Amino acid sequence: MKKNLALIAALAGLALAGCASKGSKNAGDAPVAVGSDSGISTTGTGTSGIDSGSAIGSGAAATAYSLANKTVYFAYDGTDIDSAGQTVVDNFGKYLTTSPSAKLRLEGHADERGSAEYNIALGERRAQSVARALKTAGASDAQLSVISYGEERPAADGHDEAAWAKNRRVELAQ
Amino acid sequence: MKKLLSLIALFCLAVSPVHAALEFTVSGGDVGAKPIAVVPFATPADINFDVAGIVEADLVRSGLFDALPRTDMLEKPTAVNQIDYRNWRTLNRENLVLGSLSRSPQGGVAVRFFLMDVYRGQQMIGFDMPAVGPEQLRVVSHQIADLIYEKLTGQKGYFNTQISYVTAAGYGLARRFQLIVADADGYNPRTIASSKEPLMSPAWSPDGKKLAYVGYERGRSAIYVHTLASGELRKFVAEKGINGAPVWSPDGSKMVVTLSFETNPDLYIIDIASGQRRRLTDHYAIDTEAAFSPDGGSLAFTSDRGGSAQVYVMPAAGGEPKRVTFQGKQNLRPRYSPDGKSLAVVNNEGGRYSIGLVDLQTGSLRVLTDGPLDESPSFAPNGGVIIYATTGSGSAELGTVTVDGRVHQRLRQPGEVREPAWGPYGR
């Protein structure tokens, strides 16, 4: 908990200052990029301090990634991940790879059309599709859990394609 | 202080059972509706209850009857020897209902009623209903409506039954779910469960004494069994992944559910007494939403093993599933009619989701509702009416439709009303 607080403080500082020197001060703290519910997330340009932190343990060049986008969207009745979704997956894949103790909950959802229990199954299938993609990106089974809410928890109100498109999703929850 | 406490207690009592009752509207019942008149029953001055009003409302809601307004009645007989049939023939009434309430010497209130054939000037049926406490008069009224309905239509009535449904309100973290049981006329709604997490798929036990449903606890789903009389709640299945779509076998000894813990959603049959479990389907596709045939021999279910979601039927003991729906882009969530001859399904034709009725003999599908977002069909126990979830002006509400597609009803209340399940006879 203490660690988390320190981290959030560090990230908040980063967000405020947005400068490399601040970030590099924390480079030794094994900064896990935390994108919590409060919307805190890391950003990097490839040369800032946080990136050198993210690369800890890899020995490789700094990688920039953002956990700001936590949602993968799907086509009607579909489970394929599009390029926008793949970017989300890649970012979280890096996060999970660099933070082996981090865990992710994949919440699958469907739009309201069709039947409730089929949509539960569809939501699970989508969440598993994201889980597979994350594993391809380096995450381990132990880091991932899957739950489906089907059409029960819509993100958007409304009964049109605009709302449905926002509701066919997998949310990546830390 | 004591006074204040009791006041608070009173306030709580007054508040807790308050739920918006479902509000009914009927359409499509005017053409061919039978003209009837239900005369107010003679009622002792100290009993404030309108039996005839409830009987009339039940009959009218079925869409099969057109009732004469009380203000148009030329006389208000409460016994057979008071009837002047000319007064009813003049008003083109084919049938007349009349009756009386009386204090029974053994305690309670007894209701006597008669159904008359106006043109023949004859009694069709007459009953002395067993005496009941005043709080049971609503049930007696529904029983009377059932008897009249059966006599005049040849089909068993369905007014003295219950329905369950789920209400949902709010978005995000503010979302709340409630599982409700109410009388079939929407009256007397009771909250069975409430949760911040989804409540789904209520399923009545064949004796009407229990409800199985799906709930979530700390981000995991489980199937619960709730005993209505005692309020006892049992966690029945809680595997990793999906625990969904519970249905009871017609003899009440088994349940078929959808579980995904082994690989992906498949059907499992569970012996309720022993908890012994057997996997019925093993396919990489989604298999879910099972329904028992009334004889218990077959299961209908949704599967997308053919590429799109369609309805399949297989032996309840296990065996090869056979596809039974061929009309429409998708067909989902089957429910057998009480005679076992047809399946009510959710039919998706060109993005319009309607309630369809599949004739199992011919394979033909008849669309009963207009959609566009109808789901969760459930037969009334007489097989004549289907209740389903639909979209009203903005929010989810319930609809009913007669199996001939003629009479439509809407049941609404503030917030979303979904996943209706019609209870069996007897309560």
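Scoring rules and cut-offs
Residues numbered from 1 in each chain as written. Chains lettered and ligands numbered in written order. Predicted model: local features only at pLDDT ≥ 70, side-chain atom pairs only at ≥ 80, totals over all residues. Helix = DSSP H or I, 4+ residues; strand = E, 2+ residues; numbered from the N terminus. Buried ≥ 20, exposed ≤ 12 C-beta atoms within 10 Å, placed from the backbone. Contact = placed C-beta atoms within 7 Å. Pairing = 2+ DSSP bridges. Axes fitted to C-alpha atoms, helices over the stretch in contact; angles between N-to-C directions. Domains from an automatic or database assignment. Nonpolar A, V, L, I, M, F, W, Y, C, P; charged D, E, K, R; others polar. Right-handed = clockwise from strand over helix to strand, strands pointing away. Expected span 1.5 Å × (residues − 1). pLDDT = per-residue confidence, 0-100. Parallel < 35°, antiparallel > 145°, perpendicular 65-115°, else oblique. Left-handed = near helix turned anticlockwise from the far one by under 90°.

**With respect to the overall build of chain A**
Looking only at helices and strands, chain A features 6 helices and 4 strands. Along its sequence from the N terminus, chain A presents helices and strands in the succession α-α-α-β-α-β-α-β-α-β. Of all 174 residues assigned to chain A, the portion counted as buried reaches 46%. Put simply, 67% of the contacts in chain A that link residues at least 6 apart link residues at least 24 apart.

**Focus: the pairing of strand 28 (residues 396–402) of chain B**
Residues and elements named next belong to chain B. Most of strand 28 is tucked away: 6 of the 7 residues are buried. Where strand 27 (residues 385–391) lies against strand 28, 7 bridges are found, and the strand directions are antiparallel. Residue pairing for strand 28: V385 is matched across the bridge by T402. Taking the residues that link successive antiparallel strands as the turn, the strand 27-strand 28 hairpin has 4 residues, and the phi of G394 there is positive, at about 105°. Bridge count for strand 28 against strand 29 (residues 408–412) is 4 bridges, and the pairing is antiparallel. Residue pairing in the sheet places T400 in a bridge with Q409 of strand 29. In this antiparallel pair of consecutive strands, strand 28 and strand 29, the connection spans 5 residues, and G405 shows a positive phi of 75°.

**A closer look at the sheet that holds strand 30 (residues 416–422) of chain B**
Residue and element names in this part refer to chain B. Taken in spatial order, the 4 strands make up an open sheet running 9-8-7-30, and their pairing is antiparallel. The sheet is open, and its two edges are formed by strand 9 (190–195) and strand 30, each paired on a single side. Recorded for the sheet is a direction-independent mean angle of 20° between the axes of neighbouring strands. Across 8 bridges, the pairing between strand 7 (residues 162–169) and strand 8 (residues 176–183) is antiparallel.

**Things to note about the domain arrangement of chain B**
Residue and element names in this part refer to chain B. Domain assignment breaks chain B into domain 1 (22–153) and domain 2 (162–422). Placing the centre of domain 1 and that of domain 2 at their C-alpha centroids yields a distance of 35 Å. Each side of the interface is counted separately: domain 1 has 13 residues, and domain 2 has 14 residues. Mapped onto the side of domain 1 that touches domain 2, the elements with two or more residues apiece are strand 1 (23–27) and helix 2 (51–61). With 5 residues, strand 1 is the largest single contributor of residues to the side of domain 1 that touches domain 2. Class assignment of the residues belonging to the side of domain 1 that touches domain 2 gives a composition of 4 nonpolar, 5 polar and 4 charged.

**So, the pairing of strand 3 (residues 144–150) of chain A**
Within strand 3 of chain A, 6 of the 7 residues are buried, which leaves it mostly tucked inside the rest of the structure. Running through helix 5 (residues 116–136) of chain A, the crossover from strand 2 (residues 104–109) of chain A to the neighbouring parallel element strand 3 of chain A is right-handed.

**Details of helix 5 of chain A**
Residue and element names in this part refer to chain A. Taking 1.5 Å as the rise per residue, helix 5 with 21 residues should run 30 Å; its terminal C-alpha atoms sit 30 Å apart, in good agreement. The buried fraction of helix 5 amounts to 18 of the 21 residues, a majority that puts the element mostly inside the structure. Where helix 5 ends, the next residue or the one after it, G138, has phi of about 115°, a positive value.

**Here's the deal with the confidence of the model for chain B**
All names here are of chain B. Summary statistics for chain B give a mean pLDDT of 92 and a share of 94% for residues scoring 70 or more. The model gives residues 1–18 a pLDDT under 50, and that stretch makes 0 contacts with residues more than four places away or in other chains. Scored by ipTM, the complex comes to 0.90, with pTM at 0.84.

**Quick word on the confidence of the model for chain A**
The predicted model of chain A has a mean per-residue pLDDT of 74, with 64% of residues at 70 or higher. Between residues 1–61 of chain A, whose pLDDT stays under 50, and residues either more than four places distant or in other chains, the model counts 82 contacts.

**Topic: the packing of helix 2 of chain B against helix 4 (residues 137–153) of chain B**
Residue and element names in this part refer to chain B. At a closest axis distance of 9 Å, the pairing of helix 2 and helix 4 adopts a crossing angle of 45°. Overall, the two elements helix 2 and helix 4 adopt an arrangement that is oblique. Between helix 2 and helix 4 lies a crossing of right-handed hand. Here V51, I54, V55, D58 and L59 of helix 2 come into contact with helix 4, specifically with L137, R138, S141, H142, I144, A145, I148 and Y149. A class-by-class count of the residues in the contact of helix 2 with helix 4 yields 9 nonpolar, 2 polar and 2 charged.

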